[in-house]
Amino acid sequence: MAIARDVARAQKQADAMRLRAAREQDRDFRANLREMAREERENLRSLKEQARDEKLQYLEHRQEEAESLSAEAQQRLDELNGVLGFTLLVNDRIDFDALRISDTVEPFKASGSVRVAEIRPLEKDYLANANVPTGWRKLLPGTEKKRIQALADAKQRFDQADASWQKREEDRIERLEADKRAHGNKVAALEAKKSTRNSEVDSFKAEYDTGDPTAIVAYCTMVLERSQYPEYFPQKFRWRLRKRRS
């Protein structure tokens, strides 16, 4: 009987523990379900808020874009309304003398490498530096022969140095003359261009002063093209010339 009671008591305790564990498991499961439901509601609310914010931002962006376009359109309208008045305030008259070429060529100036010649070598410097016996060495046998040979060697070195100098000097003068010719050609080309332009300007002015239609249209076109217009404003002109009634 004691064993039966112990077994029954142990069985009862085990059943109680299993029941308690099952209840705790059920409680945890329900808690998890509630948490999942809460998170789902939070996610839905967040998505709705995000969609609402995105829609609001889109509308605000579109409104800002519309306001910017309206401001730009108004600015262009203001510019167009003021084109004539602004242009009339600016004197776009063209002076015929301004059509002439006023450029000049700087005076010729040789570069440093050809401007100054090298110092020409001197024979006396080479002879003075010759290895000629001096002092008591002049008394040694064969000294005169050595002296003559040393002077001859010095003379030969001088001749070589002088010939090299002459070659460099010839090259320098040749480059200098070439630079002068290039400068002269540049001056002549500019003067020729000036002469041609001046002749064209004189002819243009004479035809304009005499009322030549082509010259008048050309002059007025130049004036209108110099006028300041908005970049989107069409710059096309039509001309109608009327003879002055006498």
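These lines cover the structure that appears in this document, whether it is placed above or below. Nothing here was measured: the structure is a model prediction, and the numbers come from that model. (Residues numbered from 1 in each chain as written. Predicted model: local features only at pLDDT ≥ 70, side-chain atom pairs only at ≥ 80, totals over all residues. Heavy atoms only, no water.)

## Considerations on the overall build of the protein
Stated formally: Only DSSP runs of H or I covering at least 4 residues are called helices, and only runs of E covering at least 2 are called strands; the numbering of each starts at the N terminus. Only protein chains enter the accessibility calculation, which uses a 1.4 Å probe; a residue is then buried when its area is under 20% of its type maximum, exposed when over 50%, and partly exposed in between.
Scanning the protein for helices and strands turns up six helices and zero strands. Along its sequence from the N terminus, the protein presents helices and strands in the succession α-α-α-α-α-α. Here the protein holds 246 residues, and 13% of them are scored as buried.

## Topic: the pattern of salt bridges
Pairing between side chains of opposite charge can happen when their charged atoms approach one another. To be explicit about the condition: For this document, the term salt bridge refers to a Lys or Arg side-chain nitrogen within 4 Å of an Asp or Glu carboxyl oxygen.
Considering all chains together, one arrives at 11 salt bridges under this definition. Close ionic contact of arginine 38 with glutamate 35 constitutes a salt bridge, the shortest N to O distance being 2.4 Å. Within this pair, arginine 38 and its partner glutamate 35 are both found in helix H1 (residues 2-81), separated by three residues, close to a single helical turn. Taking relative accessible area as the criterion, arginine 38 reaches 36% and is therefore assigned partly exposed. Where glutamate 42 meets arginine 45, a salt bridge forms, and the shortest distance between an N and an O atom there is 2.1 Å. Placement of the pair is glutamate 42 and arginine 45 together in helix H1, with a separation of three residues, close to one helical turn.

## Considerations on the side chain of aspartate 162
Rule in force here: What qualifies as a polar contact is a pair of N or O atoms within 3.5 Å, subject to a donor-acceptor requirement within protein and to the restriction that residues adjacent in sequence count only when both atoms come from side chains. Contacts: residue pairs with any heavy atoms within 4.5 Å of one another.
You can see aspartate 162 is positioned in helix H5 (residues 143-209). Of the polar contacts made by the side chain of aspartate 162, one reaches the side chain of arginine 120; its length is 2.8 Å. Not counting the four nearest positions on each side in its chain, aspartate 162 is found in contact with Arg120 and Pro121.

## Things to note about the environment of glutamate 177
Locating glutamate 177 in the fold gives a position in helix H5. Glutamate 177 gets classed as partly exposed once you look at its relative accessible area, which sits at 34%. In this structure, the C-alpha to C-alpha distance between glutamate 177 and valine 114, residues 63 residues apart in sequence, is 9.6 Å.

## What to know about the packing of aromatic side chains
Selection rule: In this analysis, rings of Phe, Tyr and Trp, with Trp reduced to its six-membered ring, are considered paired at centre separations within 6.5 Å, and the interplanar angle assigns stacked below 30 degrees, edge-to-face beyond 60, and tilted for intermediate values.
Taken as a whole and judged by the stated rule, the model has four aromatic pairs. Here the aromatic rings of phenylalanine 96 and phenylalanine 204 are separated by 5.4 Å at their centres, their planes lie at 75°, and the arrangement is edge-to-face. Of this pair, phenylalanine 96 sits in the loop between helix H2 (83-89) and helix H3 (112-115) while phenylalanine 204 sits in helix H5, and the two are 108 residues apart along the sequence. With respect to class, phenylalanine 96 is no different from phenylalanine 204; both count as buried. Judged by relative accessible area, phenylalanine 96 falls into the buried class, the value being 9%. What links up through ring pairs into an aromatic cluster is the set Phe96, Phe204, Tyr208 and Tyr219.

## Let's talk about the side chain of histidine 183
Considering the arrangement of structural elements, one finds histidine 183 in helix H5. A polar contact is formed between the side chain of histidine 183 and the backbone nitrogen of phenylalanine 108, at a distance of 3.4 Å. In contact with histidine 183, other than residues within four places in its own chain, are Val105, Glu106, Pro107 and Phe108.

## Some points on the environment of valine 217
Among the secondary structure elements, valine 217 is positioned in helix H6 (residues 213-226). Residue classification places valine 217 among the partly exposed positions, given a relative accessible area of 24%. C-alpha of valine 217 to C-alpha of arginine 238: the two residues are 21 residues apart in sequence and 9.7 Å apart in space.

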